[in-house]
Amino acid sequence: MTIMTTRSNLANRMMLTDTSHDPGPAEATCVFDSLETARTRPLLRAVVAYFSVSQTAVYFDQLKWCMRSLLEIATTEPALWRTDLIIYIENVTIPDLLDLGCSTTPRQNASEPFKCLLVEYERVQDRVLSANATEYERNLHEQMKEYPFIDSIYALVEHASTYSNYDYVVRSDLDVFFPPAFSHWIPPNCAFVTGNGAYSDPYNMEKLAMVANYSGIHFNTTIWNIGSTWIGSPHLIAKVAARTVHWMIHLSKNEFAPKQRTSAWWSMALLWPEWHYGVVLLYGGHLAVNEVLQSGKQHPFLKLDLDHPTTSTANCTLNGPIHLHTYQNHDYFSKYVFSSRLYNETYSLPSVLNSTRCCDYAGYMAADSLNMTCAELKTRLRTAKLS
C-alpha cells in the first residue's frame, strides 16, 4: 500500500485536540496474567452499552435477550466472578427497566449479585451549548449532531468512571448474546481484543493511512476491519474510546463534505463501501487502535471471533465463539424477524436448549427472554450465584 508522505497540500488541516477525557498513557500492568489464576479470584466484568429511548420497543427486546444470556453466564462462570451490565440512557426511570432490576445504584463490592446499572446520558444531538462551551464541545456537537451512533461511544468517554472499578470491560451493542465460551474467558495476556468490522477496502485503507501519516501517528497497513465490539481493561477502553471520538470529529470535519455529513445523504450509502460516513465510528476506532495500542506494539492487541453472526451453524460450546451479534438480515436468527414476532408464523424458535448451533442458542435465549416476566428474569439473575 502506498502511504502519502507529503504534507504540503494538507497544511490547512487543523487537528482537534481534547484532553478533558484523556485517561493518560496506556497502563502496562496485567493483574490477571493467566486464566488459571483468575478462576480462583474475584473478578468483575462489565458489559457497557447505549440504550436508545427513541427506539425503546426494539431495544427492550434486545436488552432482555442480552440479560437472559448473561443469566446463562452467571450460572456457569467461576463462583467468584461477576458480570454486570451498564446501560447509558436518556431516561433512568423507565418502568420496564426498573422492573428488570436495573437501577442507578452502582456495585458496592465484589460479592454482590448481578447488577444492571442505569447511567443518565444526554444525546449529543439534544445538547444545548452554553456560551462558555469549549472548542471541543462545539466541534463535537457541530460534526456529530446528525450521526446517532456517536452516543454509543461518547457515553463511554463522558462516563468512564462508571466502569473504572471493573477488571474488564466489554464495549458492545445490546443486540448480542453471550455464549458458553464467555463464561470462563478473559483476554489472553490482558490484551485489548476486538472483533471484525466490514468497512475496509483498498481505498478506505489508503485514506486512513493518509490521515494517520499527516497526523503523525502509527498505522499498520496489514490490520483491516477492526470491529466495534471491544474487550479490555477499563483504562484502555476509556483511552481508545476518547481517541475514537477525537478521530471521528477530525474525519468528519476534514475528510467529508458538509453534504456527506447529513443523515439524508449518508443514509442512502451512495458511496458504500468506499469512504462512507455511516461507518465513521469504525474509521475513528481504526485510527484510535493504531494510535493508542500501536497495533500491539504498545500494548497486546488481538482480533478474535467477537461479533460472531447469530446466523451461524457453528458450535456455541465452551470452545466456541465468545460473543454473538445479530446482523442486518432476515436469516435465522434474525433480530428483524424476532422484533416483528414472525417466528411463530414462519419458524418456531427452540423451546429447549438441545442444540449446540449458535443460531439455535440465540433463538432459544431470545424466545426464553420473551417468555420470562421482568420480575422473573430479575430474580433469577440476582439469585444465580446462590444455586
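Located above this text is the structure these notes cover.
This section reports on the structure supplied with the text. Quick caveat: nothing in here was measured; it's all calculated off a predicted structure.

## Comments concerning the pattern of salt bridges
Thought 1: Taken as a whole, this structure holds 13 salt bridges when the rule is applied.
Thought 2: A salt bridge links glutamate 77 to arginine 45; the shortest N-O distance between them is 3.0 Å. Linking glutamate 77 in the loop between helix H2 (56-74) and strand E2 (81-89) with arginine 45 in strand E1 (residues 43-51), this pair joins segments that are 32 residues apart in sequence.
Thought 3: Its relative accessible area of 7% is what places glutamate 77 among the buried residues.
Thought 4: A residue is classified by how much of its surface remains accessible, and arginine 45, at 2% relative accessible area, is buried.
Thought 5: Connected through shared salt-bridge partners, Arg45, Glu77 and Lys385 make up one network.

## Considering the packing of aromatic side chains
Thought 1: Summed over the entire model, instances satisfying the criterion amount to 21 aromatic pairs.
Thought 2: Arranged with centres 6.1 Å apart and planes meeting at 55°, the rings of phenylalanine 149 and tryptophan 266 form a pair that is tilted. Placement of the pair is phenylalanine 149 in the loop between helix H4 (135-144) and helix H5 (151-158) and tryptophan 266 in helix H8 (residues 263-266), with a sequence separation of 117 residues.
Thought 3: The buried category is assigned to tryptophan 266, whose relative accessible area is 11%.
Thought 4: Each residue in the set Tyr147, Phe149, Tyr199, Phe256, Trp266, Trp275, Tyr277 and Tyr283 is aromatic and connected to the rest through ring pairs, giving one cluster.
Thought 5: One cation-aromatic arrangement involves arginine 171 over tryptophan 230; the distance from NZ or CZ to the ring centre is 4.8 Å.
Thought 6: A cation sits over an aromatic face here: arginine 341 above phenylalanine 338, 5.0 Å from the ring centre.

## Describing the packing of helix H6 (residues 202-215) against helix H7 (residues 234-255)
Thought 1: Viewed as axis vectors pointing N to C, H6 and H7 meet at an angle of 105°, and their least axial separation amounts to 12 Å. Judged on the interaxial angle alone, H7 and H6 are roughly perpendicular. Contacts from Lys207, Met210, Val211, Tyr214 and Ser215 of H6 reach H7 at Trp247, His250, Leu251, Asn254 and Glu255.

## Concerning the state of the cysteines
Thought 1: According to the stated counting rule, one finds 2 disulfides in the structure shown.
Thought 2: Cysteine 102 shares a disulfide with cysteine 116; S-S distance 2.1 Å. Taking the sign of the S-S torsion, 80° for the link of cysteine 102 and cysteine 116, the bridge is right-handed. Here cysteine 102, found in the loop between helix H3 (95-99) and strand E3 (116-120), pairs with cysteine 116, found in strand E3; they are 14 residues apart in sequence, far enough to count as distant.
Thought 3: Each sulfur of the disulfide joining cysteine 316 and cysteine 358 lies 2.2 Å from the other. As the torsion about the S-S bond is roughly 100°, the cysteine 316-cysteine 358 disulfide counts as right-handed. Pair noted here: cysteine 316 is in the loop between strand E9 (308-309) and strand E10 (324-325) and cysteine 358 is in helix H12 (residues 358-371), with a separation of 42 residues, a long-range link.

Cut-offs and rules
- Residues numbered from 1 in each chain as written.
- Predicted model: local features only at pLDDT ≥ 70, side-chain atom pairs only at ≥ 80, totals over all residues.
- Heavy atoms only, no water.
- Salt bridge = Lys/Arg side-chain N within 4 Å of Asp/Glu carboxyl O.
- Helix = DSSP H or I, 4+ residues; strand = E, 2+ residues; numbered from the N terminus.
- Buried < 20%, exposed > 50% of the residue type's maximum accessible area, 1.4 Å probe, protein only.
- Phe/Tyr/Trp six-rings, centres within 6.5 Å; stacked < 30°, edge-to-face > 60°.
- Lys NZ or Arg CZ within 6 Å of the ring centre and 35° of its normal.
- Axes fitted to C-alpha atoms, helices over the stretch in contact; angles between N-to-C directions.
- Parallel < 35°, antiparallel > 145°, perpendicular 65-115°, else oblique.
- Contact = heavy atoms within 4.5 Å.
- Disulfide = S-S within 2.5 Å.

By themselves these figures say nothing about function.
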